[in-house]
Amino acid sequence: MATAAGTSSADTETECSVCHELFKNPKLLPCAHVLCRHCLLSWLASNPEALCPLCRGAIADPKEKSKTKGWEDVVNALPDDVAMAALVESTRVLSQDHVCVGCKSAAVSICLNCNDMMCKSCDDLHTKFSATRDHKVEDLSSMTAEELAASQPDHCSVHTSNPCELFCPTHGAAICHLCASAKHRACPDLTELAEAADKSREELSQMVTSLLSEEQQLEEAVAALERHLEATEKVVQEAVAEIDRTCDKLEKSVKECRCRLKEMTLDAKAKVKDTVLTVKVTLLDHRGRLTSHRRVANRTTRGSTNKGMCDVTRALRDRVNDILVTCCQRGADLKSVSMVTLTIDAAAVSRIEKELSELGQVKIIPASVGPVQNLGWRFHTNHGENIVLSNDGLTAERVKDYDYGIVVADQPMVPDVLYEIQIDKLDMKQLQYFLPCGVVLTDPDHLRLSDTAYSGWRREAVVISDAVYNRGHTEDNNLNNATLDLSEGTRVGVMVTTKAELHLWVNGSDRGVIATTVPTPCFAFFELFCQYKQVSILPPTRLG
């Protein structure tokens, strides 16, 4: 069970949600929630469906339960939240009475190496002894639990008295020099632990940025769904009013038809509402997972040792990638949202009771919900004949020749959103040329993709290449060869603003207005031409 520590229990981040005490042996669940190891075992014993008590996310497949040890094998396989453990220990230390360890008078400072609190006099002695003069001492009044946790020395898990100074990428472990010369002698690429921690810190920071961005987009999507419900309500109210006006003209014979149409309309409303609420719950669930993992990454970045940071990064890396890939697939859920429409057959109004059953129709039709396109895009299945798509439509490769490599976005562009790709592979045997890109003004379902961007597309696209070809006309530009001879890893994107201006972006830099009065809807396109062999889609970025 967790252990209480005075007033520090007010900080619920360090409290177990099961026992409501400070964590003891905290375990990181797949959903990024944290529970004490003992509490987790107790919970699984009484809840064999193995769902998180906070979000009902799956902790493990019940089939994984060991026949001999119960849930212990499953729980032991979960990563330890070393950052939380360090934070809990620091919270426990700081929650103690501020009494000097030496003379029992009021303490004013704390040694970060010893975790001992000292008064001013003992502090002065501490800095004079040869064994402790190099210790780092801080003012106790300004010390936070995160700072204390992050300042703790890293000790080797094998030779516990030795400091960890190296990191083995092969085993993913922080080690001491003794381990390096013994068990890890054959391991290549041993690095300084501080260097590995810096890379982990950078990776965690990127995780936080990606998770926060996806979290914000999910919040926008949820808000759009709520607005869609309001719009649905308004449309239904107008439909009901129209039904009333029409049926009033037919007096008593229309009464039965009126009730039927109302029932159909309200039933359609209920179906739309159920669908929207189901999608909303799904998005909120994903947002919860994003938030949980972001908090873990933030907490580890702020208050973890180098070793702990490496451990947590390793534990989070695949999960975060899986979450982000899942988030990119969320457009399909939102596309299931529909709108209610009512069609009144005016001719049927003049007919008699026999025709009343055919008077009106209520339909649920597909509707566009604002931020749907913000949640990710893919390459359309209608593409150049030499293109092969992979990675669920996020990657395109030209498999032969040097042309017929056009790929188009599967959804219309949203104003002030950057649609960006990254160049993955080059074929340096081919002619070095520009990367054609821009927007097409025809729905990809109806595009003729047997031609390259320089023939059949001119009258239905704005092409950026060696020049700007705006719907068949060549225009002057100031691109300065912006898309010429690009290297692997280069990011190229296009954006249409709310002012209908087309912008070109290269490696995060706006190259300016390429074309104006761009019609909508339009679709981003890129052509894998000459040396450009493979590209991958990057998450869209809202810039407005």
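This text goes with the structure placed above it.
As the structure is a computational prediction, the values presented were derived from the model and not from experiment.

Draft legend 1. Representation of the pairing of strand E15 (residues 437–440) within the structure. In terms of strand pairing, E15 meets strand E16 (residues 461–464) through 4 bridges, oriented antiparallel. Bridge pairing in E16 places Cys 437 opposite Ile 464. Of the pairings in the sheet, the one linking E15 to strand E22 (residues 523–527) comprises 4 bridges and is antiparallel in character. Residue pairing in the sheet places Val 439 in a bridge with Ala 524 of E22.

Draft legend 2. Geometry of the sheet that holds strand E3 (residues 109–111). Taken in spatial order, the 3 strands make up an open sheet running E4-E3-E5, and their pairing is antiparallel. Strands with a single pairing partner mark the edges of an open sheet, and in this sheet they are strand E4 (117–118) and strand E5 (137–139).

Draft legend 3. Highlighting the nonpolar core. Residues Leu 29, Leu 40, Leu 44, Ile 59, Ile 110 and Leu 316 are the most contacted members of the largest nonpolar core, which totals 61 residues. Counting only elements with at least two residues in this core, the list comes to strand E2 (34–36), helix H1 (37–46), helix H2 (72–77), helix H3 (82–95), helix H5 (145–150), helix H7 (193–249), helix H8 (255–303) and helix H9 (306–328). If one sorts the elements of this core by residue count, H7 sits on top with 8 residues. Dropping the residues within four chain positions of it, Leu 316 is found in contact with Leu 28, Leu 204, Met 207, His 293, Val 296 and Ala 297. Grouped together as the second largest cluster of nonpolar side chains are 37 residues, Ile 387, Val 407, Tyr 419 and Val 494 included.

Draft legend 4. Focus on H1. Among all positions of H1, only Cys 39, Leu 40, Leu 41, Trp 43 and Leu 44 are buried. Next to the buried residues of H1 lie strand E1 (26–28), E2 and H2.

Draft legend 5. Looking closely at the sheet that holds strand E7 (residues 173–175). Across the sheet, 3 strands lie side by side as E7-E6-E8; this open sheet has antiparallel pairing. Only two strands of the sheet have a single neighbouring strand rather than two, namely E7 and strand E8 (191–192). Relative to E8, strand E6 (residues 166–168) is paired through 2 bridges, and the arrangement is antiparallel. Of the residues in E8, the one forming a bridge with Leu 166 is Glu 192.

Draft legend 6. Highlighting the layout of surface pockets. Estimated volume of the largest pocket: approximately 980 Å³. What lines the largest pocket is a set of 38 residues, and nearest its centre among them are Ser 210, Glu 214, Leu 324, Leu 538 and Pro 539. Among the secondary structure elements, those contributing two or more residues to the lining of the largest pocket are H7, H9, strand E14 (417–426), strand E23 (532–537) and strand E24 (541–542). Counting residues per element, the lining of the largest pocket draws most heavily on H7, which supplies 10 residues. Residues of the lining of the largest pocket, tallied by class, amount to 16 nonpolar, 14 polar and 8 charged.

Rules of the game
- Residues numbered from 1 in each chain as written.
- Predicted model: local features only at pLDDT ≥ 70, side-chain atom pairs only at ≥ 80, totals over all residues.
- Heavy atoms only, no water.
- Pairing = 2+ DSSP bridges.
- Helix = DSSP H or I, 4+ residues; strand = E, 2+ residues; numbered from the N terminus.
- Core = buried A, V, L, I, M, F, W, Y, C linked by side-chain atoms within 4.5 Å.
- Buried < 20%, exposed > 50% of the residue type's maximum accessible area, 1.4 Å probe, protein only.
- Contact = heavy atoms within 4.5 Å.
- 1 Å grid on protein atoms, 1.4 Å probe; cavity = no way out; pocket = protein on both sides within 12 Å on 5 of 7 lines; lining within 4 Å.
- Points joined across faces, edges and corners; volume = space filled by probe spheres on them.
- Nonpolar A, V, L, I, M, F, W, Y, C, P; charged D, E, K, R; others polar.

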